[in-house]
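Architecture at a glance
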Amino acid sequence: MEHGVLVPPVYSPIPPAIHPRHEHFDRRTAAWAQEFGIGSNALREKLIGHEIGTFAARILPDGDEEVIALLADFVLWLFGVDDGHCEEGELGTDPKELVPELSRLLRIAQNPQVPMLTDDPLAAGLRDLRRRMELHGTPAQLARWVDALREYFLSVVWEASHRSKGTVPDLNDYTLMRLYDGATSVVMPLLEMGRGYELQPHERDDTAVRAAAEMAYFIITWDNDLFSYHKESRAQQWYLNVVRVLEHHHGMDPAQAMETAVAQRDRVMCLFLRLQARLSATGSPQLRQYLDSLAAFIRAAQDWGISSRRYTTPEDPADLPTAFRDTPTDDSTEPLDIPAVSWWWDTVPEGPAPAASHRGSALDG
Ligand code: 3E9
Ligand code: MG
Ligand code: MG
Ligand code: MG
Ligand code: MG
Ligand code: MG
């Protein structure tokens, strides 16, 4: 491997799970991508080989099959935007042109009937995704999906600004950007749809519950940064991941940066588990499902991340782990020195979780 950096097995205390028809979802998503012509021919050929249906089958192992297929198509569509427009396309180095294009797509997500972008395959695909989402989601869930798409778009414009200048954000800015540019928050409404429930706003928007979701986004994207480091660093173009940020701003070599990133995600994982236990003890059944789905999403991204051809790149093999470890490399309960997220630690008091007694009443502020 070009940089000689070994990605170690990462701490994964969450059990794996997969919907038994995962190969069916791979085939279905390939057909969808062909039908709508997502991406250039070359990008589409790559994406349909990345087992994205299997990824969705891991995220929603007991989910509604139509929603698993919808999630898979949406993730493939997101890669159509993230790879096609942002990382490999011309708009990705031109934030001022990226803004209007993403804003037009956002309008399609919000009002799919508008006669805009009528010849655009990504817009056609998005119309189809929106139509299918209406069959499975509530109006509030659809509205949150549009809002989350907006926050993803905002963050990729920020990223494009760095790409256009060839700069690397510092760790705090990178963390804030990465909470959204991994498109993790935009997947959340589908997790509810896939299991047929709706989390009420007073629980979802509770500060501690939002912290739990953000911790999941952090773990998923830090893991992605480890597993995609080979793919990204060998591509002969500007790239951004936490390893690069730590090398650039903290004077680390790639191995030290990798070790530091692993310690960061381990500390957040330990915190997530403690918070999940606390919130599950007092929250509604819907909140427990939501927290379970966050955990399943984390584990799904790990299992898919070490096995998908997207990251193993067989033509120039990555040195990825084939297993996980059951202890953290760093179990410190100290907050990370990242101001944007150090408040997460305030949501989890030290000590054991309360007994599971006062269900449905104990969440506020
Ligand atoms: C991820 O970051 C970019 C998203 C658009 C990928 C779509 C995937 C999801 C919505 C689910 C979350 C899963 C993750 C983050 C794997 P990046 O670093 O551009 O992804 P890459 O695959 O290129 O490393
Ligand atoms: Mg169904
Ligand atoms: Mg990206
Ligand atoms: Mg990428
Ligand atoms: Mg809300
Ligand atoms: Mg990546």
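Please read these numbers as outputs of a predicted model, since none were measured by experiment.

Re the confidence of the model for the chain
Here the chain shows a mean pLDDT of 95. Residues at 70 or above account for 96%. Overall, residues 358-365 carries pLDDT values under 50, and its contacts beyond four positions in sequence, including any with other chains, amount to 20 contacts.

Re the site of ligand 1
Residues in close proximity to ligand 1 total 21 residues, the closest being E87, K231, E232, R310 and Y311. Between ligand 1 and D82, the relevant distance is 2.9 Å, taken from an oxygen atom to a side-chain nitrogen or oxygen of the residue. The contact in question runs from an oxygen atom of ligand 1 to an N or O atom on the side chain of R178, over 3.0 Å. Within the complex, 98% of the 560 Å² of free accessible area of ligand 1 lies under protein. Elements that contribute at least two residues to the shell around ligand 1 include exactly helix 4 (65-87), helix 8 (171-181), helix 11 (207-227), helix 12 (229-233) and helix 16 (309-312). Broken down by element, the residue count for the shell around ligand 1 peaks at five residues, all from helix 4.

Brief notes about the coordination of the magnesium ion (ligand 4)
For the magnesium ion (ligand 4), every protein donor is listed as E87 (OE) and E87 (OE), and the spread of their distances is 2.4 Å. Between the magnesium ion (ligand 4) and the magnesium ion (ligand 3), a separation of 3.3 Å is found, and both are coordinated by E87. In this fold, E87 is placed in helix 4.

Here's the deal with the side chain of R265
Tracing the backbone through its elements, the reader meets R265 in helix 14 (residues 254-282). The residues touching R265, leaving out its near neighbours within four places in the chain, are V10, Y11, F218, I219, W222, D223 and Q302.

Quick look at helix 5 (residues 95-110)
For helix 5, which comprises 16 residues, the first-to-last C-alpha distance of 22 Å matches the rise-based estimate of 22 Å (1.5 Å per residue) to within 8%. In this fold, the buried residues of helix 5 make contact with helix 4, helix 6 (121-136) and helix 7 (139-165).

Remarks on helix 8
Among the residues making up helix 8, those that are buried are L171, Y174, T175, M177, R178, L179 and D181. Looking at where helix 8 begins, the residue whose side-chain oxygen comes 3.2 Å from the main-chain nitrogen of N172 is D170. One or two residues past the end of helix 8 sits A183, with phi positive at roughly 60°.

Structural notes on the pattern of salt bridges
Applying the stated criterion across every chain, the model contains 24 salt bridges. Between R310 and D83 there is a salt bridge whose closest N-O contact spans 2.9 Å. Here R310, found in helix 16, pairs with D83, found in helix 4; they are 227 residues apart in sequence, far enough to count as distant. When sorted by exposure, R310 lands in the same class as D83, which is buried. The partner of D128 in a salt bridge is R131, with the nearest N and O atoms 2.7 Å apart. A residue pair is termed a helical-turn pair when its members lie 3 or 4 positions apart in one helix, as D128 and R131 do in helix 6 at three residues. Relative accessible area serves as the criterion here: at 46%, R131 is assigned to the partly exposed category. Overlapping salt bridges, with partners in common, bring together D73, D128, R131 and R132 in one network.

Digging into the nonpolar core
Formed by 123 residues in total, the largest nonpolar core has its most connected members in W77, W145, L149 and W344. Setting aside anything within four residues of it in sequence, one finds W344 in contact with L179, A211, E214, M215, F218, V268 and L271.

Comments concerning the side chain of R178
Considering the arrangement of structural elements, one finds R178 in helix 8. A relative accessible area of 9% means that R178 is categorised as buried. Here N224 takes part through its side chain, which lies 2.9 Å from a polar atom of the side chain of R178. When sequence neighbours within four positions are dropped, the list of residues in contact with R178 reads T221, W222, N224 and D225.

Quick notes on the rules
- Residues numbered from 1 in each chain as written.
- Chains lettered and ligands numbered in written order.
- Predicted model: local features only at pLDDT ≥ 70, side-chain atom pairs only at ≥ 80, totals over all residues.
- Heavy atoms only, no water.
- pLDDT = per-residue confidence, 0-100.
- Contact = heavy atoms within 4.5 Å.
- Near = heavy atom within 4 Å.
- Polar contact = N/O pair within 3.5 Å; in protein donor to acceptor, adjacent residues only side chain to side chain.
- Areas by Shrake-Rupley, 256 points an atom, 1.4 Å probe, with all protein chains shown as cover.
- Helix = DSSP H or I, 4+ residues; strand = E, 2+ residues; numbered from the N terminus.
- Donors = N, O, S within 2.8 Å, 3.2 Å for Na, K, Ca; no water.
- Expected span 1.5 Å × (residues − 1).
- Buried < 20%, exposed > 50% of the residue type's maximum accessible area, 1.4 Å probe, protein only.
- Salt bridge = Lys/Arg side-chain N within 4 Å of Asp/Glu carboxyl O.
- Core = buried A, V, L, I, M, F, W, Y, C linked by side-chain atoms within 4.5 Å.

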